[in-house]
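Now for the letters of each chain:
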Amino acid sequence: MSDTSPRQLSVRIFRVRPEQPAEGFFQDFQLLETTGMTLFIALNQLREEQDPTLCFDFVCRAGICGSCAMLINGRPGLACHSLTANLPPRIILAPLPGFELLGDLSVNTGKWMRGMSERLQTWVHSQQQRDISRIEEAVEPALAEQLYALDRCIECGCCLAACGTRQINRDFNGAVGIAKLSRYYLDPADKRDTAQYYDVIADENGVFGCLSLMGCEDFCPKHLPLQVQLAFMRKKMLEFTC
Ligand code: FES
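Residues numbered from 1 in each chain as written. Predicted model: local features only at pLDDT ≥ 70, side-chain atom pairs only at ≥ 80, totals over all residues.

Here we look at the domain arrangement of the protein chain
What counts, and what does not: For every domain, the bounds stem from an assignment made automatically or drawn from a database. C-beta atoms are placed from the backbone for every residue, and two residues are taken to be in contact when these atoms lie within 7 Å. Numbering of helices and strands runs from the N terminus; a helix is a DSSP stretch of H or I covering at least four residues, while a strand is a stretch of E covering at least two. Think of it as three bins: nonpolar holds Ala, Val, Leu, Ile, Met, Phe, Trp, Tyr, Cys and Pro, charged holds Asp, Glu, Lys and Arg, and polar takes everything else, Gly as well.
Looking at the protein chain, the domain boundaries give domain 1 (8–107) and domain 2 (121–125 + 137–241). The partner domain 2 presents 12 residues to the 15 residues of domain 1 that form the contact. Of all the secondary structure elements, the ones that give two or more residues to the side of domain 1 that touches domain 2 are β3 (69–72) and β4 (75–78). Tallying contributions element by element places β4 first for the side of domain 1 that touches domain 2, with 4 residues. Looking at side-chain class alone, the side of domain 1 that touches domain 2 contains 9 nonpolar, 5 polar and 1 charged residues.

Considerations on the sheet that holds β4
This is how it is decided: Each pair of strands is called paired provided DSSP finds at least two bridges between the two strands. Angles run from 0 to 180 degrees between N-to-C directions of axes, and those axes are lines fitted to C-alpha atoms, restricted for helices to the stretch in contact.
What the 5 strands build is an open sheet, ordered β2-β1-β5-β3-β4; its pairing is mixed. For this open sheet the edge positions go to β2 (25–32) and β4, each flanked by a neighbour on one side alone. When strand polarity is set aside, the average angle formed by the axes of neighbouring strands in this sheet is 35°. Sheet topology places β3 next to strand β5 (residues 90–94); 2 bridges connect them, and they run antiparallel. In the sheet register, Leu71 faces β5, and the bridge partner there is Ala94. This element, helix α1 (residues 39–49), spans β1 (8–15), β2 and β3 of the sheet and lies at about 100° to β2.

Concerning the packing of helix α3 (residues 141–151) against helix α6 (residues 174–186)
Let me state the cut-off plainly: Working definition: roughly parallel below 35 degrees, roughly antiparallel above 145 degrees, roughly perpendicular at 65 to 115 degrees, and oblique for all remaining angles. Less than a right angle of anticlockwise turn of the near helix away from the far helix marks a crossing as left-handed, whereas a clockwise turn marks it as right-handed.
At a minimum axis separation of 9 Å, α3 and α6 run at an interaxial angle of 155°. Classed by the angle they form, the pair α3 and α6 counts as roughly antiparallel. In this structure, the crossing between α3 and α6 has a hand that is left-handed. Residues Leu143, Gln146, Leu147, Leu150 and Asp151 of α3 form the contact with α6, whose own contacting residues are Ala179, Ser182, Arg183 and Leu186. Of the residues belonging to the contact of α3 with α6, the class tally is 5 nonpolar, 2 polar and 2 charged.

Some details on the nonpolar core
Convention followed: The nonpolar core is taken to be a set of buried Ala, Val, Leu, Ile, Met, Phe, Trp, Tyr and Cys residues joined by way of C-beta atoms within 7 Å. In this scheme the burial state of a residue depends on its C-beta neighbours within 10 Å: 20 or more other such atoms mean buried, 12 or fewer mean exposed, and anything in between means partly exposed; the C-beta positions come from the backbone.
Of all hydrophobic cores here, the largest spans 49 residues; its most connected members are Cys159 and Ala175. With 5 residues, the single largest contributor to this core is α6. Taken domain by domain, the makeup of this core includes at least three residues from each of domain 1 (8–107) and domain 2 (121–125 + 137–241). Among all residues touching Cys159, those that are not within four sequence positions of it are Gly174, Ala175, Val176, Cys216, Phe219, Cys220 and Leu226.

Re helix α2 (residues 109–120)
Selection criterion: In this scheme, a helix's expected span is set at 1.5 Å multiplied by one less than its residue total.
Between its first and last C-alpha atoms α2 spans 16 Å; for 12 residues at 1.5 Å apiece the expected length is 16 Å, and the two agree. In this structure, the buried side of α2 is in contact with β7 (106–108), α6 and α7 (194–201). One or two positions beyond α2, positive phi appears at Gln121, with a value near 55°.

Spelled out as structure tokens, the structure:
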């Protein structure tokens, strides 16, 4: 007869205050697993019942906002999308590396993403004044789908946390930056020429810095075609120099 009693989970969580980074430590918590429990549910239960000072981020609980990314047993992932049933009974949680630490599992991915966006200028550049009464120019369905696929990035930071290059070079813009820029390169509404793209992405912090370890694509929770976009932008930048 199979044992149907709920599993006892042991959750080991990295605790730290940014003002005392050297005093970080792991703290163990115990709780009973419930049906359909995600790490989001488990962490909230721990905060409500065991330690109100536990610090972590959530907004949407649906894999959309990207704020709950953390290291789950050493691998970057979204806590709200991680069922405890898919994990062993001993779970270790730590903050994503490479971002400003706000406390425990909370990191400031937004600050980094904004800096990257300003460095790479990830927005539509157009000389035309926006006339909202005009109907937008039609885009080929295949291209629209490609743009839509890239717009699905939730800026969670998992690709950067899984990126070997980023662990060596803190200024590397990562797959998130390169894929975002490629989205504008493909967009006919963006009027920049290749030289303008070259200026911001064709260096060791961009397409020529990537070591092609491809951890980014392995751990992207939205399964974005990061390898393809990286190869595409690298090829375009190489062609520009020939
Ligand atoms: S809470 Fe929004 S992605 Fe997890």
